[in-house]
Amino acid sequence: MQITPNGHEPIVQKRTQDDLPEGGKVNLLGLSREELKDALRDFGIAEKQLRMRATQLWHWVYHKGASDFDVMTTISKDMRAKLVGHFEIKRPEVVEAQYSEDGTRKYLVRFADGNEAEAVYIPEEGRGTLCISSQVGCTLNCKFCHTGTMRLVRNLTAGEIVAQMMIARDDLGEWKSPTEGRMVTNIVMMGMGEPLYNFDNVKKALDIIMDEEGIQLSRRRITLSTSGVVPHMERAGKEIGVNLAVSLHAVNDAVRSEIMPINKKYNLHEVLTACANYPGAHNARRITFEYAMLKGINDSDQDAYDLVKLMRKYKLPAKVNLIPFNPWPGVAYECSSDEQIKRFSDIVFKEGISAPVRTPRGRDIMAACGQLKSASEKKSKAQIARDEAATAMTAVQENPTPHHSSTGLT
Ligand code: SAH
Ligand code: SF4
C-alpha cells in the first residue's frame, strides 16, 4: 500500500535528458544544509541568494513536509518550474503499513534499490515514539534478535533514515511541524541495524531531524541504542549528543559472549567503562540498559543482584529497561515467566535502580523489539544452518524412516 504523503499527489514530471543533472534529479531529502547550498550553487543560484533559497527550501521540506515544489508559494512560479527540473523531494515507497490492535504502526519501507527496512510508531500515554532503522540487516548476530539472522545488506543513507520520520509524519498527518501536541514526540534508533556502525549517516540524519528550522525534535527526545560498539560511543555523545541506550542483556562475559558475539570484541568491562565516560551522562540524564529476559539464560535472582553490582561498580547513572523476550519463528530462546520478570525487576528496584518492564507493543504485527526483519534477506551462515537443521528435523519427524538417520538427527 502506498501512503500518499499528507494528501499530496506524487509529482510526475515529463523530463528531458538535457535538463537533468547527470544521474537524474537530486533528491533534497537527506542533504545537510551545507550540501543543500552546494546543490543550489551548482544549479546556478547566485551566491548572495544561496542562504535565503536554502532556508526557504529547508522550511518547506522539513517544517511543512512538502513533497513537491508546487506548494511552495513563497517561491516564484518561475523558480519552482526550474527547481522541479533538477530536484525532487522523494520519499521511499511504503510497501506495507500495518496497524496493530494496540495502535502500533509498522511501515515496511522500500528504497530506490529495492532494499527494505522497517520503522515502527508506538503511541503511549502522553507521547509517541518512532523506532527507526539504521541499516538493512545487521552485521552482528545477537542470537535472540530476528534482525541478527539477516546479513548486513547495506547501511542506510542519511536521506533514507530521515525519510522514515517523514513517512510516519505523513501517515499521522503531522505537518507542518507543530511544537505542541505532537504525535511523534520521541525517536529511538532501535530498529534494524547497529547505528554506530553507520555513524556518519546516523549523525547527519539526526542533525537534520533536530534542526531548529525544520522538524525541531530536541536531542533529549532522541535515544540511540547500541550493542556496545565501544570505539564510537564517546564520539556519539560528543558529536550527536542524544541519549544513550546500551543493549546489556547479560551480567557476565560468558553469557554475554554467548548471546551477543560482539562481546568477544568489546567485553563488559570495556562497554561499561565507555558508558561511565559517556559525555552528558549524569543522574538527570541516565543511560538506559536494555535487558531482554531470556528464560534460564540471564534471568535468575543472582543475575539481578549482579546487575546492580555492576551498575554500582562503574558508578553508572542508570535505568534498566527489562524487555520480555519477543519470540520469532525458529528462535532457540523462550521468554522468562511473568513472575520471574517481576522478581527480577523488584530486586533491581529495591536496590535503588529503576527497572520497569517494557510492555511489548505490536507483537501481533511482528513489530516488537527484535522482531523486525525485512524481506531484503541475505541469510547469515548461522541462520542457513539453523534453517537446514529445522528442515531436516521436520523431515525426520514427518517421515521417520531409517534412511533419514543419515542426517545425524536421530
Ligand atoms: N542494534 C541496536 C539497536 C536495535 S535493537 C542494539 O542492539 O542495541 C533494539 C533492542 O531490542 C536492543 O536492546 C536489542 O538487543 C533488543 N532485542 C533484540 N531482539 C530482541 C527480542 N527478540 N526480544 C526482545 N528484545 C530484543
Ligand atoms: Fe544487530 Fe541490535 Fe539485533 Fe544485535 S540486537 S543483531 S546489534 S539489531
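Calculation rules
- Residues numbered from 1 in each chain as written.
- Chains lettered and ligands numbered in written order.
- Predicted model: local features only at pLDDT ≥ 70, side-chain atom pairs only at ≥ 80, totals over all residues.
- Heavy atoms only, no water.
- Core = buried A, V, L, I, M, F, W, Y, C linked by side-chain atoms within 4.5 Å.
- Buried < 20%, exposed > 50% of the residue type's maximum accessible area, 1.4 Å probe, protein only.
- Helix = DSSP H or I, 4+ residues; strand = E, 2+ residues; numbered from the N terminus.
- Domains from an automatic or database assignment.
- Contact = heavy atoms within 4.5 Å.
- Axes fitted to C-alpha atoms, helices over the stretch in contact; angles between N-to-C directions.
- Parallel < 35°, antiparallel > 145°, perpendicular 65-115°, else oblique.
- Left-handed = near helix turned anticlockwise from the far one by under 90°.
- Near = heavy atom within 4 Å.
- Areas by Shrake-Rupley, 256 points an atom, 1.4 Å probe, with all protein chains shown as cover.
- Nonpolar A, V, L, I, M, F, W, Y, C, P; charged D, E, K, R; others polar.
- Phe/Tyr/Trp six-rings, centres within 6.5 Å; stacked < 30°, edge-to-face > 60°.
- Lys NZ or Arg CZ within 6 Å of the ring centre and 35° of its normal.
- pLDDT = per-residue confidence, 0-100.
- Pairing = 2+ DSSP bridges.
- Salt bridge = Lys/Arg side-chain N within 4 Å of Asp/Glu carboxyl O.

## A look at the nonpolar core
Here is step 1 of the chain: Counting residues in each nonpolar core, the largest one holds 119 residues, and the members touching the most others are F289 and M311.
Here is step 2 of the chain: Among the elements that line this core, the one with the most residues is helix α4 (residues 158-172), at nine residues.
Here is step 3 of the chain: The residue makeup of this core includes at least three contributed by each of domain 1 (26-88) and domain 2 (93-365).
Here is step 4 of the chain: With residues up to four places along the chain from it excluded, the contact list for M311 reads L248, L272, F289, L316, A318 and I353.

## Quick notes on the packing of α4 against helix α5 (residues 199-210)
For any two helices packed against each other, one specifies the crossing angle of their axes together with the interaxial distance.
Here is step 1 of the chain: The N-to-C vectors of α4 and α5 enclose an angle of 40 degrees; their axes lie 8 Å apart at closest approach. One element, α4, and the other, α5, form an angle in the oblique class. α5 is crossed by α4, and the crossing has right-handed handedness. In this structure, α4 contributes A158, I161, V162 and M165 to the contact, and α5 contributes N201, V202, K204, A205, I208 and I209.

## Re helix α3 (residues 77-86)
Here is step 1 of the chain: All buried positions along α3 are accounted for by M79, R80, L83, V84 and G85.
Here is step 2 of the chain: The secondary structure elements touched by the buried residues of α3 are α1 (33-43), α2 (50-63) and β2 (87-88).

## Here we look at the site of ligand 1
Here is step 1 of the chain: Inspection of the region around ligand 1 gives 19 residues, with F144, G193, S225, S247 and H249 positioned closest.
Here is step 2 of the chain: In isolation ligand 1 offers 530 Å² of accessible surface; the protein chains occlude 96% of this area.
Here is step 3 of the chain: Residue composition of the shell around ligand 1, by class: eight nonpolar, nine polar and two charged.

## Focus on the site of ligand 2
Here is step 1 of the chain: All residues in the neighbourhood of ligand 2 are listed as C138, L140, C142, C145, G148, G193 and S227.
Here is step 2 of the chain: A class-by-class count of the residues in the shell around ligand 2 yields four nonpolar, three polar and no charged.

## Topic: the packing of aromatic side chains
A ring pair, where both rings are aromatic, is described by two values, the distance of the centres and the angle of the planes.
Here is step 1 of the chain: According to the stated counting rule, one finds four aromatic pairs in the structure shown.
Here is step 2 of the chain: Ring plane angle 55 degrees and centroid distance 4.7 Å describe the contact between W58 and Y62, whose orientation is recorded as tilted. Of this pair, W58 and Y62 both sit in helix α2, four residues apart, roughly one helical turn. Like W58, the residue Y62 is buried in the burial classification.
Here is step 3 of the chain: Ring centres 5.2 Å apart and planes at 35 degrees place the aromatic pair Y291 and F344 in the tilted group. Placement of the pair is Y291 in strand β12 (residues 287-293) and F344 in helix α10 (residues 338-350), with a sequence separation of 53 residues. Of the two residues examined, Y291 and F344, each falls in the buried class.
Here is step 4 of the chain: Sitting above the plane of the Y99 ring, R105 keeps its charged end 4.6 Å from the centroid.

## Notes on unusual backbone geometry
Here is step 1 of the chain: Cis peptide bonds are those with omega within 30 degrees of zero, and the linkage from W175 to K176 qualifies with -5 degrees.
Here is step 2 of the chain: Within the element layout of this structure, K176 appears in the loop between α4 and β9 (186-189).
Here is step 3 of the chain: Not every positive phi belongs to a glycine, and Q216 is a case in point at roughly 65 degrees.
Here is step 4 of the chain: By the element assignment, Q216 lies in the loop between α5 and β10 (222-226).
Here is step 5 of the chain: For H249, which is not glycine, the phi torsion reads 65 degrees and is therefore positive.

## Notes on the confidence of the model for the chain
Caution applies to low-pLDDT parts of the model: their predicted coordinates are not meant to be read in detail.
Here is step 1 of the chain: For the chain, per-residue confidence averages 87 on the pLDDT scale, and 85% of positions sit at 70 or higher.
Here is step 2 of the chain: Low pLDDT (under 50) marks residues 1-20, which in the prediction has 34 contacts with non-local residues, meaning those over four places away or in another chain.
Here is step 3 of the chain: Per-residue pLDDT stays below 50 along residues 391-410; that stretch engages in 10 contacts with residues further than four places along the chain or on separate chains.

## Regarding the sheet that holds strand β5 (residues 116-124)
Here is step 1 of the chain: Taking strand neighbours across the sheet as the criterion, the nine strands line up as β3-β4-β5-β6-β9-β10-β11-β12-β13 in an open arrangement whose pairing is mixed. Looking at strand neighbours, the two that pair on one side only are β3 (93-99) and β13 (318-324), the edges of this open sheet. Neighbour-to-neighbour, the strand axes of this sheet turn through a mean angle of 20 degrees, independent of strand direction.
Here is step 2 of the chain: As defined by bridge partners, strand β6 (residues 127-131) adjoins β9 across three bridges and the pair is classed as parallel. Note that in β9 the partner of T129 across the bridge is N186.
Here is step 3 of the chain: Along the sheet, α5 makes contact with β9 and β10, crossing β10 at roughly 165 degrees.

## Side note on the pairing of β12
Here is step 1 of the chain: Of all seven residues making up β12, seven are buried, and the element is well covered by its neighbours.
Here is step 2 of the chain: Residues of β12 alternate between two faces, with I287, F289, Y291 and M293 on one and T288, E290 and A292 on the opposite face, all of them buried.
Here is step 3 of the chain: Sheet topology places strand β11 (residues 243-247) next to β12; three bridges connect them, and they run parallel. When the sheet's bridge partners are listed, V246 is paired in β12 with F289.

## Remarks on the pattern of salt bridges
Here is step 1 of the chain: Per the counting criterion, the structure on display carries 25 salt bridges.
Here is step 2 of the chain: R33 serves as the salt-bridge partner of D211, at 3.0 Å between the closest nitrogen and oxygen. In this pair, D211 sits in the loop between α5 and β10 while R33 sits in helix α1, placing the two residues 178 residues apart along the sequence.
Here is step 3 of the chain: A residue is classified by how much of its surface remains accessible, and D211, at 17% relative accessible area, is buried.
Here is step 4 of the chain: The salt bridge partner of R169 is E174, with a shortest N-O separation of 3.5 Å. For the pair R169 and E174, a shared accessibility class is recorded, and that class is buried.
Here is step 5 of the chain: It is possible to trace a salt-bridge network through shared partners that takes in R33, D211 and E213.

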